[in-house]
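A look at the structure
As a plain string of letters, each chain reads:
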Amino acid sequence: MKNLIMRIGGVLRHPLSVSLAFLALLLALHYFDTRWRYVPFLVMVTLAIAAFLFLISRRPSFSLWAAAIMVLLIAAMSEAKFRLKGFSLHVFDFAFTGLDRSALSFLVGSYFHLLIGSIAVLAAALALLIVAFRGERLSGRSFGVRAGLLLVAAAGVFALYPDKRNEPGYVHYISGYDASSFFVSIGDLQFPLGHIVLSDRLDAVEAKGSLRDEVSCDVAAGKPDLFLILSESQTSPSYFPQVNVPEWMAASFRSQDQRVHPLQVETFGGGTWVTNFSVMTGLSGADFGWQSPYVTQILEGRVKGSLPSLLARCGYRTVAVMPMQASFVNEGPFLRSIGFQEIVDFDAMRPKSHFVRDSFYFDVVDRIVRAHREKDRRPLFISMQTMFPHGPYDMNLVPKETLPAKAFAPDAEANEYLRRVALAKQDLEDFRSKREQAPGPNGTVVLDFGDHQAVATKAYLQAGAPQGNLFADLNSLAYRTYYSVYAYGRDIDMRPFARPLDVGFLTASLIEAVGLPTSPTFDALARLRDACDGHYHTCADRTLVDQHLRQRQNAGLLDLD
């Protein structure tokens, strides 16, 4: 065995093996990062890691192999995260997601096949490195020489570290630069864990005008029951010419004015909570830069004047129904902090799994509505999240007897995704029919919206994309979903919905369209929407957005300190 290990070690040390491995590394780094621009930086990172390992192990060949494998494994983890959540790996993920047991439990349960594959890859990598380590003799290079190599490599890393001064802080992580994102994010360690980077931007902004922490409850002509439905991973199939869905399914994305209303969100393939955050608070997740995926964790107790808070102050009962555990990405505690009086989560509902049909959650809401109307005279606001169209899409959740086996898309995973959406739309239509039949004394308003696009249609998206990285542009089709609004026993003015909207303006437009209770904050958001032509983070006159945020900060409605 020892002779075999030494022979394999000799092969790994051979200049031809090292050269071929280096070429393979370059190609892999380009694949994961999608461009050559940061490959020199990644090569220098690899050499710096190798120099550190050489310093402590005195085995140069082992150190090179170990560093290359480490960089590639991190890139693969980042690629998996980007495909699942639309945001590449960040060093703070180990503090936020890595310590979130409910998030880890969901990921393991939903993507168990990926976990098994990852364990197999890690085992193979470990075996290779053990052989490389044991098959190499100690180098005679002095400690000083080895330390000098580390200093030179470290200097190279600093010299080639990407200059991000001319781009928003989140761009690197939403653009699919999966090989470099983790190592680039190490530069964000300059910020303390609880420091909110938006505060630095607003420190230089002088607010013109002011806001007040007030509500206007009496402007509403009666207070209708309000249902906000987050339609998981859904967008209009009309955006993808490659798919062929039934007419009834295409029509299910339309509002009562028979139009499909575009909604521009700020996350792709995952990050539901980021979209929900913007809907409830009237804030842009992108304004928080690379901290966008962590808004529900860093902003708990820091946001006032949100939609649920406004409605609760005006006499509404506010309920959030969520298919995940309340502790998942800290969303439950965050929702409580912005005005939800009750949280009905996975543990409270006890579905058989995370992959039950959305009718399960709609039935939960139906029971809440019936019980409420029997004994409670308050108007009702329920924010509900669905789940059925969520990935992964390599398992069939839609039996043929429930939905005919007609193909909606040529790709198997895209077809499975669209079949799940079809059932989800049927369940939503059934729920709306019940609200229409029993709208309540002041009427009912139902608004549903897509939180982000699904990874299942990513290839179709890229096939029709113009030259360049569409994920780097928040105005691209990659971030376009939809919303629809229906009013029963209640008039609605659709003019506030006349233009495409960024997600942060959705509830301000709803308040205006329905005549709901309002506040200076939401009135200001409606004015900002008009001034920015429906764009929020990417408003052409960005100073208007910054002044609005500064006004909220000065009024104690947004605590960034």
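To keep things clear, this report deals only with the structure shown in the data block. In this text, all values refer to a predicted model and were calculated from it rather than measured experimentally.

Counting 137 residues, the largest nonpolar core has Phe183, Leu228, Leu299, Phe381, Phe497 and Leu510 as the members making the most contacts within it. Setting aside anything within four residues of it in sequence, one finds phenylalanine 497 in contact with Arg259, His261, Tyr483, Val485, Ile492, Leu506, Ser509, Leu510 and Ala513.

Turning our attention to a nonpolar patch on the surface. A cluster of nonpolar side chains, Leu16, Leu20, Phe22 and Leu23, forms an exposed patch at the surface whose accessible area comes to about 400 Å². You can see phenylalanine 22 is positioned in helix H2 (residues 15–33).

In total, this model carries 23 salt bridges according to the counting rule given. Note that arginine 302 is salt-bridged to aspartate 559, the shortest N-O span being 4.0 Å. Of the two residues, arginine 302 is situated in the loop between helix H14 (295–298) and helix H15 (307–313) and aspartate 559 in the segment after helix H23 (542–554); the sequence distance between them amounts to 257 residues. With a relative accessible area of 34%, aspartate 559 lands in the partly exposed category. Linked through salt bridges whose partners overlap, the residues forming this network are Arg499, Glu512, Arg529, Asp530 and Asp533.

Once that is clear, we can look at empty space enclosed by the protein. Applying the stated rule across the entire model yields five cavities of 30 Å³ or more. Within this model, the second largest cavity holds a volume of roughly 140 Å³. Along the wall of the second largest cavity there are 17 residues; nearest its centre are Phe87, Glu266, Thr267, Ser292 and Pro293. Looking at the lining of the second largest cavity residue by residue, the classes come out as 10 nonpolar, five polar and two charged.

Let us now look at helix H4 (residues 60–85). Compared with the 38 Å implied by 1.5 Å per residue over 26 residues, the 37 Å span of H4 between its first and last C-alpha is a close match. The first or second residue beyond H4 is glycine 86, which carries a positive phi of 75°.

Time to look at the state of the cysteines. Considering all chains together, one arrives at two disulfides under this definition. Paired through a disulfide, cysteine 217 and cysteine 314 show a sulfur-sulfur distance of 2.0 Å. Residues cysteine 217 and cysteine 314 are joined by a disulfide whose S-S torsion is about -80°; by sign, that bridge is left-handed. Taken together, the residues span a long stretch of sequence, with cysteine 217 in the loop between helix H11 (198–202) and strand E1 (225–231) and cysteine 314 in the loop between H15 and strand E3 (317–321) at a distance of 97 residues. Taken as a pair, cysteine 217 and cysteine 314 share a single burial class, namely buried. Indicated for the protein is the disulfide connectivity 1-2, 3-4, based on numbering the bonded cysteines in sequence order.

The rules behind each value
- Residues numbered from 1 in each chain as written.
- Predicted model: local features only at pLDDT ≥ 70, side-chain atom pairs only at ≥ 80, totals over all residues.
- Heavy atoms only, no water.
- Core = buried A, V, L, I, M, F, W, Y, C linked by side-chain atoms within 4.5 Å.
- Buried < 20%, exposed > 50% of the residue type's maximum accessible area, 1.4 Å probe, protein only.
- Contact = heavy atoms within 4.5 Å.
- Patch = residues over 30% accessible without salt bridge, like charges linked within 9 Å, V, L, I, M, F, W, Y side chains within 5 Å.
- Areas by Shrake-Rupley, 256 points an atom, 1.4 Å probe, with all protein chains shown as cover.
- Salt bridge = Lys/Arg side-chain N within 4 Å of Asp/Glu carboxyl O.
- Helix = DSSP H or I, 4+ residues; strand = E, 2+ residues; numbered from the N terminus.
- 1 Å grid on protein atoms, 1.4 Å probe; cavity = no way out; pocket = protein on both sides within 12 Å on 5 of 7 lines; lining within 4 Å.
- Points joined across faces, edges and corners; volume = space filled by probe spheres on them.
- Nonpolar A, V, L, I, M, F, W, Y, C, P; charged D, E, K, R; others polar.
- Expected span 1.5 Å × (residues − 1).
- Disulfide = S-S within 2.5 Å.

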